[in-house]
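Residue-level listing of the chains:
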Amino acid sequence: MRVLTGLFTSSLADVRMEAARCLHELSHSNDPAVAEACLPATSYLLTYLSGHSVEFTELCVYTLGNLAVESETVRKQLLPQGIIPALASCLQSPHVAVLEGLGYLLPQLLQATEDPATILPLVLDSALPLHMLRLVSSNLELGMGVAVEFAWCLHYVVCSHVNNGLLISQGIVSTLVLLLLDLASAVVEGATEGLELLLCPVLRCLSNLLAEDEPESCKVQMQDERLLVAVFLFMQRFLQQHPFLVQECLWLLNNLTADEPIFCSALLTLDLLPALLQLLPCSGTVTLLALTVLCNVAEKGPAYCRQLHQKAVLPSLLSTLALSDAQVVGQSLELLHLLFLHLPEAAADFLSQAGLQALAQHRDNPPLQERVRALEERYLQPAAATPVSPIRASAAALPS
Amino acid sequence: MLLPPGLSLSLQAERPLLPVRPRSPPRAPFCFSARRLRFHRQHEFFEDGDIHRHLYLQDILTNVTEVTERSKVSEFSCHIVGCCQVFDTLEGYEHHYNTLHRNMCSFCKRSFPSGHLLDTHILEWHDSLFQIMAEKQNMYQCLVEGCAEKFKSSKDRKDHLVKVHLYPSDFRFDRPKKAKSIKHSKPHFKRDVSVPMDVNVETCEQSQADSMEICPSESTENPTQLASGPIPSVQEKQLYKSRIPSTVCFGQGASRGFKSLKKKA
């Protein structure tokens, strides 16, 4: 290693390059001992990040990334050696190859299994977040590769929940909302090559940010109904090819509809409900999340339940009741409860569609039986389920 | 999955908001209550997407290791005066130029890996005021970018680099300046066969006296060509040109002198 380090600092440019290639090869080893053997070279790798030779810098960046993945000892050395400021200045490079490499290196630090409270505050305290936000929206100038890498970096920072308030104050929400809408336009235009790689971390960031309680400004910045449309466009586009994206979209949909009636209302008035119902026959997590979104809508009150009922939610629920997944059935029962609570006539229609039989199969299933019986007793007794039709009610009110 | 026709991203009219009933807690045995979900980094929810990401990365990383065949061009030499390095690929030239001619000190022609190290070198080696000020206050700046510490002497700085920043004690870009400033190579120069430029070459007065970077004049293109004896001086080198394509460069390059440091401040 002493020899290699010497060659790495040679005054001969091509010797340096070959030494860099050697180090890069070594960094691919799965043996952490090899990564640790490369420790003497890290101060030089960091020094060279400020250089101008593109291919050489790129090699140094990837080498550092590989070494950082492999060994906690290496990561612990890189921090005091000044990797954070070195990265902040390297991020100003105009070279796409270098930026993409940095987008690989930075997550290796961010994803480190040791306490994120060590590295992340240093990252958040530096100029890195501002650079990351700039680069994540750069897909037009710098290509998708750079935007993808920094979107993932942002995701690792956001999902560590160290100081999302700081990121929000730096404008992360508006940046990502605009980006999401741009991506939706790209879907409409049919330009979707590799889009799922960028979309996934952006969705995750927005969902997690929306779940922050403070500051209020975050929720305000997200109150754009176009987000709802964008989410459905993504689900339609990627349902067949990249099904993992559907659950990511539904997570955002849940967080949008949980508290804010504006999104529940828009979902109904934009006629997006049928599309949501088409997701119910899918696999476990997707079905569960779709049902949760429906519950979010139903919980808003009678006006919402009426719309759900009119747009044929019951037949879909009858199908989900036939599934074997207890969690899915349980969530269906919760939805039924909300519907019957706010809209008594829904119960009568449920009965007339053989709902009792659909429930019967779960009567003896421990996690479900209490709720099944509660539904039967409260809403599905023949007398209790008689609907008060609007015509009869007004007739009754007329003076005889 | 069918979306309604005519769905577009621009919403023309204000959409009516359906009236909302105030929330009430769920009635047992029902437990649903709408809430925003937040997932922490290790959550299994992320598994599927993370796998997809991992596969994508594996694809990229194999591409970086491939040393792409660079298209060759007809041979050309470095245009910097005095540099006789010859290239047959543009990338080779670009790397050479960026390594040896960028960040070059216009006073002593040494090149540095970064502008930061060059600035520090110029300040400490070529600023006549520096030594005077250094007697009164801490002037030796830490070499790590982002660290604002300054020290009384280069030794103190080196101790700091080793202790706080875990730098190697023989960091090649931090060599103390000796009193004499060397401009020309010395005739007696013992070379270490295995490494062209190495801290072990302590017998060489010049290498000891040299600064924090690579001094081009120490190197030879091919370490095995020792038979030629001492490093030739600038004038002599030209006789060896055909035999030793060396990287001894005393050209102008993208060098900076003291002026730019003033501008920066």
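The structure displayed is predicted, hence computed values, not measured ones. (Residues numbered from 1 in each chain as written. Chains lettered and ligands numbered in written order. Predicted model: local features only at pLDDT ≥ 70, side-chain atom pairs only at ≥ 80, totals over all residues. Heavy atoms only, no water.)

Description of the overall build of chain A
- When you go through chain A residue by residue, the secondary structure sums to 28 helices and zero strands.
- For chain A, the C-alpha radius of gyration of 28 Å lies well beyond 21 Å, the compact-globule estimate for 400 residues.
- By its C-alpha atoms, chain A is 105 × 40 × 35 Å across when sized along the principal axes.
- Taken over 400 residues, chain A has a buried fraction of 63%.
- For chain A, long-range pairs separated by at least 24 residues make up 70% of all intrachain contacts whose partners lie at least 6 apart in sequence.
- A total of about 13,700 Å² of accessible surface is found on chain A, and carbon and sulfur atoms cover 55% of it.
- Across chain A, the 18 positively charged side chains and the 38 negatively charged ones have centroids separated by 5 Å. (Helix = DSSP H or I, 4+ residues; strand = E, 2+ residues; numbered from the N terminus. Rg over C-alpha atoms; globule rule 2.2 N^0.38 Å. Buried < 20%, exposed > 50% of the residue type's maximum accessible area, 1.4 Å probe, protein only. Contact = heavy atoms within 4.5 Å. Areas by Shrake-Rupley, 256 points an atom, 1.4 Å probe, with all protein chains shown as cover. Lys, Arg positive; Asp, Glu negative; His and termini not counted. Charge placed at Lys NZ, Arg CZ, Asp CG, Glu CD.)

Some words on the packing of aromatic side chains
- Using the criterion set out here, one finds 23 aromatic pairs over all chains in the structure.
- Ring geometry for Tyr-44 of chain A against Phe-173 of chain B: centres 5.7 Å apart, planes inclined by 75 degrees, an arrangement best described as edge-to-face. A residue pair is termed interchain when its members come from two chains, as with Tyr-44 of chain A in helix α4 (residues 42-48) and Phe-173 of chain B in the loop between α5 (154-163) and α6 (205-209). In this structure, Tyr-44 of chain A and Phe-173 of chain B share a single accessibility class: buried.
- Site record: aromatic cluster; members linked through ring pairs are Phe-8, Tyr-44, Tyr-48 and Phe-56 of chain A together with Tyr-167, Phe-171 and Phe-173 of chain B. (Phe/Tyr/Trp six-rings, centres within 6.5 Å; stacked < 30°, edge-to-face > 60°.)

Observations regarding the domain arrangement of chain A
- According to the domain assignment, chain A contains domain 1 (1-114), domain 2 (136-257) and domain 3 (271-400).
- Summarising the inter-unit geometry, the C-alpha centres of domain 1 of chain A and domain 3 of chain A are found 58 Å apart. (Domains from an automatic or database assignment.)

Re the interface of chain A and chain B
- Contact residues are listed per partner, giving 119 residues for chain A and 82 residues for chain B.
- Each partner contributes to the roughly 8,800 Å² buried at the junction of chain A and chain B, and carbon and sulfur atoms together form 61% of this total.
- At the surface where chain A touches chain B, the tally comes to eight salt bridges.
- Between Arg-204 of chain A and Asp-50 of chain B there is a salt bridge, with the nearest N and O atoms lying 2.9 Å from each other.
- The interface formed by chain A and chain B contains 37 residue pairs in polar contact (both at pLDDT 80 or more).
- When residues in the side of chain A that touches chain B are grouped by element, the largest group, eight residues, is from helix α18 (residues 244-259) of chain A.
- The residue inventory of the side of chain A that touches chain B, partitioned by class, reads 52 nonpolar, 42 polar and 25 charged. (Buried area = accessible area lost by both parts, 1.4 Å probe. Salt bridge = Lys/Arg side-chain N within 4 Å of Asp/Glu carboxyl O. Polar contact = N/O pair within 3.5 Å; in protein donor to acceptor, adjacent residues only side chain to side chain. Nonpolar A, V, L, I, M, F, W, Y, C, P; charged D, E, K, R; others polar.)

Considerations on the environment of Leu-323 of chain A
All names here are of chain A.
- Mapping Leu-323 onto the fold places it in the loop between α23 (313-321) and α24 (326-342).
- According to the relative accessible area criterion, Leu-323 is partly exposed, its value standing at 34%.
- Taking the C-alpha atoms as reference points, Leu-323 and Pro-281, separated by 42 residues in sequence, lie 9.1 Å from one another.
- When near neighbours in sequence (up to four residues on either side) are disregarded, Leu-323 contacts Val-328, Val-329 and His-362.

Looking at unusual backbone geometry
All names here are of chain B.
- Each neighbour pair has its own omega, and for Ala-28 with Pro-29 the value is 0 degrees, a cis peptide bond.
- Notably, Asn-103 is not glycine yet its phi reads approximately 45 degrees, a positive angle.
- Within the secondary structure, Asn-103 is located in the loop between α2 (90-100) and β3 (104-105).
- Since its relative accessible area comes to 8%, Asn-103 is described here as buried.
- Within the chain, Leu-166 stands out as a residue other than glycine whose phi angle is a positive 55 degrees.
- Among the structural elements, Leu-166 can be located in the loop between α5 and α6.

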